[in-house]
Amino acid sequence: MNRRRAGRRISSHSQRRGAPSGGQWRQTNKDQWQDEGTPQVREVVGEQQRPRQHGREAGPRGTCQTMCPARELRDREAQNRLHRFEMLPGTERDRRPRGDPLRAVKEYSRPAAGKDSTNPTELRPPAVLLKTVRYLIDEITAPSHQHPWTEVYSFVFDRLRSVKQDMIIQRVSGSDCVAILERTVRFLIYASYRLCGEPLRLYDPRINDTHLQEYLSWLLDCYATGSEAHPNQEEFQALALLYNLGSARATQHIMELPERLRSTPAITLALSINQAFLERNPVRLLRLARRLNFLQTCALHRHLAACRRDLLLVYSHGFSSRNCRFPLERLSQLLSLDTLLTAQLCQTYGVEVNQDNQVVFSKAAFSEPEQGKLHCNLYHSIVSEKQKDLTVQNIIHGCA
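Throughout, residues of each chain are indexed from 1 in the direction in which the sequence is written. At least 70 in pLDDT is required for a residue's local features to be given in this predicted model, at least 80 for side-chain atom pairs to be given and counted, and no such filter applies to totals for whole chains, interfaces and linings, which use all residues. Excluded from the side-chain calculations are hydrogens and water; all other atoms, namely the structure's heavy atoms, are used.

A. Layout of the side chain of Arg-124. Secondary structure elements are taken from DSSP: a helix is a run of H or I of four residues or more, a strand is a run of E of two residues or more, and numbering for both begins at the N terminus. Relative to the assigned elements, Arg-124 resides in the loop between helix H3 (70–78) and helix H4 (126–141). Look at Arg-124 and you get buried, because its relative accessible area is 0%. A distance of 3.3 Å separates a polar atom in the side chain of Arg-124 from a polar atom in the side chain of Ser-162. Reaching out from Arg-124, the side chain makes a polar contact with the side chain of Asp-166 at a distance of 2.9 Å. Any two residues having at least one pair of non-hydrogen atoms within 4.5 Å are treated as being in contact. In this view, Arg-124 contacts Cys-64, Thr-66, Met-67, Val-105, Lys-106, Leu-129, Thr-132, Ser-162, Val-163, Asp-166 and Gln-170; residues no more than four positions away in its chain are not counted. To sort residues, take the accessible area from a 1.4 Å probe on protein chains only and compare it with the maximum for the residue type: under 20% means buried, over 50% means exposed, and anything in between is partly exposed. In protein, a polar contact requires one atom able to donate a hydrogen and another able to accept it; more generally it is a pair of N or O atoms within 3.5 Å, and residues adjacent in sequence count only if both atoms are side-chain atoms.

Below, the structure is given as structure tokens:
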């Protein structure tokens, strides 16, 4: 009896050892821009990840011509799970509001065992998916002054995930795929700036970053494998580098681009900023950043806090003298901040500003602020000044 039990255990162990591991059927995204050690996206639909563009196997084709399948709309109506953006006007206060077929958008649902995710009547074809994305931009994000932008972001983020899910199942490629991904990337980059500093319960920057990296990787893969011309490629190659400043993978990718593309103005500027970042030259980086457009500065903005910190640290060592004084106005120009915010930032890092508006640098006095004391969104002026009259709609559609 003991031998039989031992034999069973050995057999079971060999089966487990020979079984395919999770890494074999969940393909790792080789083009992920994050360095090793940062979380990577494994967005799985059944057992299928985002398709590589060179795959020839055809996926199912959707037949749903509305933004939300009729069955899902009925189910969510019955379960009272409609978002207020989807309710039929005049029924919002009803005990069970009705859904508006012209406003309801298919929500993201996690893959579940036994659930058929390839039913054509539940899938939207590429043209309908692009129409859905345009609707989300034009009708939800554009009039965002009517609702808190955190609510707008939450709704649009979820519905874009459902768009991606339909694209993955159908293995969508081509111009419609690129158009959808470009607008999604712009939306997430803009959100990373606009919602910076919001409470985690309303906006999680790490989740936004994880999905943005996946969309960027997918988009750049489309550029590399597609045969058609992509007029916005320069814009997004530069955005990818600015967002992933200092990343060896992002830099290598840019250097492997054709010379005609690598020498374009946007990519040349992004490379110069990346070089300044790698050389720990914050003065040059901030000077070059003034030449960026609004969305490019949004992509760069998450690196600005560290850049300004490095500048104050370098100056605290270079001008550390009892008799040395540095003009506050000059420092504010270097930091791309007004004098009031510059003085406030100096105080946060223990740098003294005297009554004559002169900065007294001291390497002994420089100190790191306590966690949560430095609020990045207070120092967004270099970004906000570039927005000017640009609307959210123009930013995400790329009409700037």
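Back to the write-up after that little detour.
B. Molecular detail of the packing of aromatic side chains. Ring pairs are drawn from Phe, Tyr and Trp, using the six-membered ring of Trp, whenever the two centres fall within 6.5 Å, and their geometry is named by plane angle: stacked under 30 degrees, edge-to-face over 60, tilted for the rest. Per the stated rule, a full pass over the model turns up 16 aromatic pairs. Ring geometry for Trp-149 and Phe-187: centres 5.8 Å apart, planes at 35°, overall tilted. With a gap of 38 residues between them, Trp-149 in helix H5 (residues 149–170) and Phe-187 in helix H6 (residues 175–194) connect regions that are remote in the sequence. Judged by relative accessible area, which is 6%, Trp-149 ranks as buried. With 5.9 Å between their ring centres and 65° between their planes, Tyr-315 and Phe-361 make a pair best called edge-to-face. Of the two residues, Tyr-315 is situated in helix H14 (residues 304–318) and Phe-361 in the loop between strand S3 (358–360) and helix H17 (381–387); the sequence distance between them amounts to 46 residues. Owing to a relative accessible area of 14%, Tyr-315 belongs among the buried residues under this scheme. Clustering of aromatic rings is evident, with ring pairs tying together Trp-149, Tyr-153, Phe-157, Phe-187, Tyr-190, Tyr-193, Tyr-203 and Phe-294. A cation over an aromatic ring shows up here: Lys-164 above the ring of Tyr-215, its NZ or CZ 4.8 Å from the ring centre. Its guanidinium or amino end placed over the ring of Tyr-243, Arg-302 lies 3.7 Å from that ring's centre, counting from NZ or CZ. To sit over a ring, a charge needs its Lys NZ or Arg CZ within 6 Å of the ring centre and within 35 degrees of the ring normal.

C. Just helix H16 (residues 339–348), in detail. All of the buried residues along H16 are Leu-341, Thr-342, Leu-345, Cys-346 and Thr-348. Projected onto a plane normal to the axis of H16, the buried residues spread over an arc of 155° and lie on a single side. H16 presents Leu-340 and Gln-347 as exposed residues on the side facing more than 90 degrees away from its buried surface. As for H16, its buried residues are in contact with H14, helix H15 (328–335) and strand S2 (352–353). Here, the arc refers to the directions that run from the helix axis to the C-beta atoms.

D. Quick look at the sheet that holds S3. When DSSP finds two or more bridges between two strands, those strands count as paired. Sheet architecture is open: 3 strands sit in the order S1-S3-S2, paired in antiparallel fashion. With one partner strand each, in any of the chains shown, strand S1 (326–327) and S2 form the two edges of the open sheet. Inspection of the sheet shows S1 paired to S3 by 2 bridges, in the antiparallel sense. Within S3, the residue paired with Phe-326 across the bridge is Val-359.

E. How the structure looks around helix H8 (residues 233–243). Burial within H8 is extensive, with 9 of its 11 residues counted as buried. Residues Gln-233, Phe-236, Gln-237, Ala-238, Leu-239, Ala-240, Leu-241, Leu-242 and Tyr-243 constitute the buried set of H8.

F. Examining unusual backbone geometry more closely. Backbone geometry at Ser-336 places phi at a positive 60°, although glycine is not the residue there. Along the chain, the position of Ser-336 falls in the loop between H15 and H16. Unlike most non-glycine residues, Asn-357 shows phi in positive territory, near 55°. As for its placement among the helices and strands, Asn-357 is situated in the loop between S2 and S3.

G. Up close: the environment of Glu-214. Note that Glu-214 resides in helix H7 (residues 205–225). Glu-214 sits 29 residues away from Val-185 along the chain, and the two C-alpha atoms are 9.5 Å apart.

H. Inspection of the nonpolar core at higher detail. Judged by nonpolar contacts, the single largest core of 97 residues is most densely connected at Trp-149, Tyr-153, Met-167, Ile-273, Leu-312 and Leu-331. Sorting elements by how many residues they give to this core places H6 first, with 12 residues. Those residues in contact with Leu-312 that sit more than four places away from it in its chain are Leu-331, Leu-335, Leu-345, Cys-346, Tyr-349, Phe-361 and Phe-366. Counting 5 residues, the second-largest nonpolar core is a separate cluster that includes Cys-68, Leu-73, Leu-82 and Ala-104. Buried residues of nine kinds, namely Ala, Val, Leu, Ile, Met, Phe, Trp, Tyr and Cys, make up a nonpolar core once their side-chain atoms join them within 4.5 Å.

Shape descriptors only; they carry no functional weight alone.
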